[in-house]
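Topology and contacts: notes
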Amino acid sequence: MKKIIIILPTLPNYRKDFLNGLSWKLREQNIELKIFHGFTNKKEIKKIEDKEFISEAFETKEISFLGITFTILKGLKQRIIQENPDGIVMLFNPAIITFVRVLFLCLKLRIPYAIWSCGYIRPDLNGIFVKIREYFLNYFDKRATAHIAYHTNRKEYLVKKGINPERIFVAQNTIDTERIMSSYSLEEINKNRFGKELNVLFVGALIKGKFLNEAMTAIDNLISQKYKITFNIIGQGIIFEELKRHRETLKNKEQIHLLGAKYGEDLKTYFLNSDVFLLTGSGGLAINEAMAYGLPIISTIGDGTVKDLIERNGYMIKRFGNISEIQNVLSEFYSLSQEEKLEMSINSIKIIKNKATISLMVDNYNKAINYLFHK
């Protein structure tokens, strides 16, 4: 039996459906899957229940230097040596020192490896750290047996860097959109959508990179211009109190709601009662979830995956957090007829079905792993 190890910085709950599906697929081919990942007590991550894959957690130690956080996963390199896998897939981040050491180990022991990546770069990263980051990315990208890209934009970037397209597999990063789409009737829901008031929704982590202050300001400006809009912000995070303070400064704060975290049927209700999903900064998977509920999308490029998902079902915002651009795009969507908005809703479902289901992600990821073993 061949053995593949996927190495992740953390193991978030949303990975469960994908990793369960991948584990089943590989087991049919007599391939054992193990997930090695970091964990820290500083950040609470919901424990994964009913998982069908083997996982092992490694305690992380963080070191701050000149404003950049570097991470070590205690004991990971030694466990890789003990396991002696036939291949490794890594969601690579050069700031995780242990990941760099593991890839050097792969080269030394001739363990074939694949880099799993989206290509997102933090906007606040600059100077010498950008150059160091690019050096390690280029070094390991060129020596990787295979690449697994979150989206086609990432594949195009790797090809421009000189990576053979044959070695690049696009496994569109997603969640279990099939389960969502089977849980409700789009025809019934759309009977009540796109009325006189526009219900705008955001769901995700409340961090500075989402530019939610700017989103609230843009919507407040539109309401002051007599647009009938409600904006629901769902999530939790380190800027929650900052967002509350900003909301208090707005003229139309009663139409802008900071609702905290929502889960399960409660969260589903907000998706089904909304008209459009708005992402004005970084992000990705919430777009997939929104589209699975038939929502049109207004979004930046986010982590890059969005570029594959917006086609006659919404609008792209070119600049993160640009208030005038957010206003203009929302105004244009607002002015569409109900029929045009309904067509966008139907297109969201079609695109998700054709490009971003768990089964498609598993199939393409499986192709990359098989390529890894046979090269």
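In case you missed it, the structure is sitting above this.
A few points on the structure. No experiment lies behind these values; they were computed from the predicted model shown.

**Quick look at the pattern of salt bridges**
Here the structure, examined in full by the defined rule, presents 18 salt bridges. Between Glu134 and Arg133 there is a salt bridge whose closest N-O contact spans 3.1 Å. The exposure class of Arg133 is buried, given its relative accessible area of 17%. Salt bridges here are not isolated pairs; linked through shared partners, they connect Lys3, Lys34, Glu56, Arg79 and Glu83.

**What to know about the environment of Thr40**
Mapping Thr40 onto the fold places it in the loop between β2 (31-39) and β3 (54-65). For the pair Thr40 and Thr10, spaced 30 residues apart in sequence, the C-alpha separation works out to 8.7 Å.

**Comments concerning the packing of helix α8 (residues 212-224) against helix α9 (residues 240-248)**
Two elements in contact, α8 and α9, have axes separated by 10 Å at closest approach and are oriented at 20°. It follows that α8 is roughly parallel to α9 by the angle criterion. Regarding α8 and α9, the two cross each other, and that crossing is right-handed. Mapping the contact onto sequence places Leu212, Asn213, Met216 and Thr217 in α8 and Glu242, Leu243, His246 and Arg247 in α9.

**Things to note about the nonpolar core**
If you look at the biggest cluster of nonpolar residues, it comprises 61 residues, and the most contacted ones within it are Phe231, Phe277 and Leu278. Examining the composition of this core, we find that seven residues originate from one element, α8, more than from any other. Other than its neighbours up to four places away in sequence, Phe231 contacts Val200, Leu201, Phe202, Ala215, Met216, Ile219, Gln255, Ile256, His257 and Leu278. Of all hydrophobic cores here, the second largest spans 32 residues; its members include Leu22, Ile48, Trp116 and Met361.

What counts and what doesn't
Residues numbered from 1 in each chain as written. Predicted model: local features only at pLDDT ≥ 70, side-chain atom pairs only at ≥ 80, totals over all residues. Heavy atoms only, no water. Salt bridge = Lys/Arg side-chain N within 4 Å of Asp/Glu carboxyl O. Buried < 20%, exposed > 50% of the residue type's maximum accessible area, 1.4 Å probe, protein only. Helix = DSSP H or I, 4+ residues; strand = E, 2+ residues; numbered from the N terminus. Axes fitted to C-alpha atoms, helices over the stretch in contact; angles between N-to-C directions. Parallel < 35°, antiparallel > 145°, perpendicular 65-115°, else oblique. Left-handed = near helix turned anticlockwise from the far one by under 90°. Contact = heavy atoms within 4.5 Å. Core = buried A, V, L, I, M, F, W, Y, C linked by side-chain atoms within 4.5 Å.

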